Amino acid sequence: MAADKSLLSGSTSLLVLSLLAGGDKYGYEMISILEARSDKTFTMKEGTLYPVLHNLEQAGAVRAYDKEAPSGRNRRYYHITKKGIRLLSDKRREWKAFSNMVNAIVAEGEAAPQPV
Amino acid sequence: MSTVDSAPQRSGTEWPALERFLGQVKGWIPYPPAAEQAERELMDHMTDRVEVLTARGTAPEEAQRQAVEAMGDPMEIGRAFDRLYPAFWHRLSHLLLGAAGVILAAALVWNCALGEHSRKLSTLLHPPGAVALNHAMFPRETAEPELLQPVGVYGRGALGSFTLAPGRDGGTAGLYRLSTGEIQLRFVVRMDHAPWLDPMGLTARLTDDLGNEYDPSIGLYGPASGTCDTRLIFVNGVDSAARSFTFTAGSSFQHSGEQAVLYLRTGEVQP
């Protein structure tokens, strides 16, 4: 089942920073990991990843650098900075608080009596 | 994860659908460096996608179509980049840089090339009857001293960040008789300063062909800029029998050993 894209729109930065916390990656690599881990549930438009990465770079949360792959092709890798790690921690807290609140409301709705 | 590092690199012209998509994205990014960076990253991404799909048996044209479709709306991507790298600031920064260059050039021309006009401005700024000497004000001779004979000043010398040369402004270089009866040698030196080099303190001494040694006074003649100024150099009590003088400027750092020397000959007019 594909997720509603609007659910992803506000959390792309969180996903990107979470992926980079595990090591430096280039754009296509991030999309591939995201698809594999979510069993293709996350089907974000791939081109929108790059403005997000550049936005994080301008904010100092990530640093970009070019590195030659074994094939000889240069790829633009992204590295999470110390500032990015702090930002990731903040975003994780926000996400947990948000998801806890949504879960509580959804659970309450499930327990309520169905209309006749 | 699917990686395609081992796949052969292909130029974008082999994949016209990708080129068309990139052209649409770049159409929304007026800042050239941002457009080039976006093009490169998006092309790399789509190239990876096409190569993975073709490796799985998808026809090249269909692989291109799927890769472009997966990217999303080119307008949305282009406008997102444009918001990050607005061309307005790019143009404004160029405009401000250009304006700063014009102002700097105008200031240099005013202070260096138009020395005579600048000196007139200095006359307005300095009180009449006084001359700036080492940033202090000293009384000027009330009576115009008598020119005994002109002096030709020759040579040019570099001293650290300074370059010394005979000055063109400041009246006739020569030996003058002051109202006190003393003989004064006076001439002007143009000093150019390279601001990117470390400044150094300067010392100066004057000797003549009779073996006399003098301690010259140095005053600022006209306005100074960061790169050049004119110095009035004068010595009272010189020997009127002397026919030539040697002005030597050195570094106040005792062991630098650098010197700049100018030669003065009486009876000759400043070239």
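Keep in mind that this is a model prediction, so the values were computed, not measured.

Peer 1: I'd like to hear about the overall build of chain A, residue by residue, with values.
Peer 2: Broken down by element type, chain A carries five helices and three strands. Across chain A, helices and strands are ordered from the amino to the carboxyl terminus as α-α-β-α-α-β-β-α. Burial status across chain A gives 39% buried among its 116 residues. Nonlocal contacts in chain A, meaning residues at least 24 apart in sequence, comprise 49% of its contacts between residues at least 6 apart. Summed over its atoms, the accessible surface of chain A is roughly 6900 Å², and 56% of this surface lies on carbon and sulfur atoms.

Peer 1: An account of the pattern of salt bridges is requested, with residue identities and associated values reported.
Peer 2: A complete count under the given rule lists 14 salt bridges over all chains for this structure. Put simply, Arg40 of chain B and Asp66 of chain A hold a salt bridge, and the shortest N to O gap is 3.1 Å. With one member in each of two chains, Arg40 of chain B in helix α2 (residues 32-55) and Asp66 of chain A in strand β2 (residues 62-68) form a pair that bridges those chains. Relative accessible area serves as the criterion here: at 43%, Asp66 of chain A is assigned to the partly exposed category. When the shortest N-O distance is used, the salt bridge between Arg65 of chain B and Glu62 of chain B registers 2.7 Å. Of this pair, Arg65 of chain B and Glu62 of chain B both sit in helix α3 (residues 60-71), separated by three residues, roughly a single helical turn. Salt bridges linked by common partners bring Glu57, Asp66 and Arg76 of chain A together with Arg40, Glu41 and Asp44 of chain B together as one network.

Peer 1: Explain helix α2 (residues 12-21) of chain A residue by residue, including any values.
Peer 2: All names here are of chain A. By the criterion of burial, α2 is predominantly enclosed, with seven of the 10 residues buried. Thr12, Ser13, Leu14, Val16, Leu17, Leu19 and Leu20 are the residues of α2 that are buried. In the stretch just after α2, Gly23 is the one whose phi turns positive, near 140°.

Peer 1: Tell me about the packing of α2 of chain B against α3 of chain B, residues and numbers included.
Peer 2: Residue and element names in this part refer to chain B. Where α2 contacts α3, the axes come no closer than 9 Å and their chain directions differ by 135°. Classed by the angle they form, the pair α2 and α3 counts as oblique. Every pair of crossing elements has a handedness; the one defined by α2 and α3 is right-handed. In this structure, α2 uses Leu42, His45, Met46, Arg49, Val50, Leu53 and Thr54 to contact α3, whose residues at the interface are Pro60, Ala63, Gln64, Gln66, Ala67, Val68 and Met71.

Peer 1: With reference to specific residues and values, describe a nonpolar patch on the surface.
Peer 2: Residues Trp95, Phe98, Met101, Val102, Ile105 and Val106 of chain A make up a contiguous nonpolar surface patch of roughly 560 Å² in combined accessible area. Positionally, Trp95 of chain A belongs in helix α5 (residues 82-111).

Peer 1: Pulling in residues and values, what's your account of the pairing of strand β6 (residues 174-177) of chain B?
Peer 2: As a general feature of sheets, a regular strand has side chains that alternate between the two faces. All names here are of chain B. When strand β3 (residues 146-154) meets β6, the two strands line up antiparallel, connected through four bridges. Residue pairing for β6: Gln149 is matched across the bridge by Leu175. For β6 and strand β7 (residues 183-193), the ladder comprises four bridges, and the chain directions are antiparallel. What sits directly across from Gly174, in β7, is Arg186.

Peer 1: Account for the side chain of Thr248 of chain B, naming residues and giving values.
Peer 2: Residue and element names in this part refer to chain B. For Thr248, the position within the fold is in strand β12 (residues 244-251). The exposure class of Thr248 is buried, given its relative accessible area of 10%. Excluding residues within four positions of it along the chain, Thr248 makes contact with Thr203, Ala204, Arg205, Gln259, Ala260 and Val261.

Peer 1: Tell me about the sheet that holds strand β1 (residues 25-26) of chain A, residues and numbers included.
Peer 2: Strand order in the open sheet formed by three strands is β1-β3-β2 (chain A), with antiparallel pairing between adjacent strands. Each end of this open sheet is capped by a strand with a single partner; those strands are β1 and β2 of chain A. The pairing of β2 of chain A with strand β3 (residues 74-80) of chain A spans seven bridges and is antiparallel. Each bridged residue has a counterpart across the sheet, and for Asp66 of chain A the counterpart in β3 of chain A is Arg76 of chain A. Set on the sheet, α2 of chain B makes contact with β1, β2 and β3 of chain A; between it and β3 of chain A the angle comes to about 105°.

Peer 1: Help me get a handle on the packing of aromatic side chains, residues and values and all.
Peer 2: Here the structure, examined in full by the defined rule, presents five aromatic pairs over all chains. Seen from their ring centres, Tyr65 of chain A and Tyr77 of chain A are 5.9 Å apart, and the 20° between their planes marks the pair as stacked. With a gap of 12 residues between them, Tyr65 of chain A in strand β2 and Tyr77 of chain A in strand β3 connect regions that are remote in the sequence. Taking the centre distance of 5.6 Å and the plane angle of 80° together, the rings of Phe187 of chain B and Phe247 of chain B count as edge-to-face. Here the residue Phe187 of chain B occupies a position in strand β7, and Phe247 of chain B occupies one in strand β12, the gap between them amounting to 60 residues. For Phe187 of chain B, a relative accessible area of 2% corresponds to the buried category. Through pairs of rings, three or more aromatic residues link up here, namely Tyr26, Tyr65 and Tyr77 of chain A. Positioned above the aromatic ring of Tyr176 of chain B is the side chain of Arg186 of chain B, whose terminal nitrogen or guanidinium carbon lies 4.8 Å from the ring centre.

Analysis parameters
- Residues numbered from 1 in each chain as written.
- Chains lettered and ligands numbered in written order.
- Predicted model: local features only at pLDDT ≥ 70, side-chain atom pairs only at ≥ 80, totals over all residues.
- Heavy atoms only, no water.
- Helix = DSSP H or I, 4+ residues; strand = E, 2+ residues; numbered from the N terminus.
- Buried < 20%, exposed > 50% of the residue type's maximum accessible area, 1.4 Å probe, protein only.
- Contact = heavy atoms within 4.5 Å.
- Areas by Shrake-Rupley, 256 points an atom, 1.4 Å probe, with all protein chains shown as cover.
- Salt bridge = Lys/Arg side-chain N within 4 Å of Asp/Glu carboxyl O.
- Axes fitted to C-alpha atoms, helices over the stretch in contact; angles between N-to-C directions.
- Parallel < 35°, antiparallel > 145°, perpendicular 65-115°, else oblique.
- Left-handed = near helix turned anticlockwise from the far one by under 90°.
- Patch = residues over 30% accessible without salt bridge, like charges linked within 9 Å, V, L, I, M, F, W, Y side chains within 5 Å.
- Pairing = 2+ DSSP bridges.
- Phe/Tyr/Trp six-rings, centres within 6.5 Å; stacked < 30°, edge-to-face > 60°.
- Lys NZ or Arg CZ within 6 Å of the ring centre and 35° of its normal.

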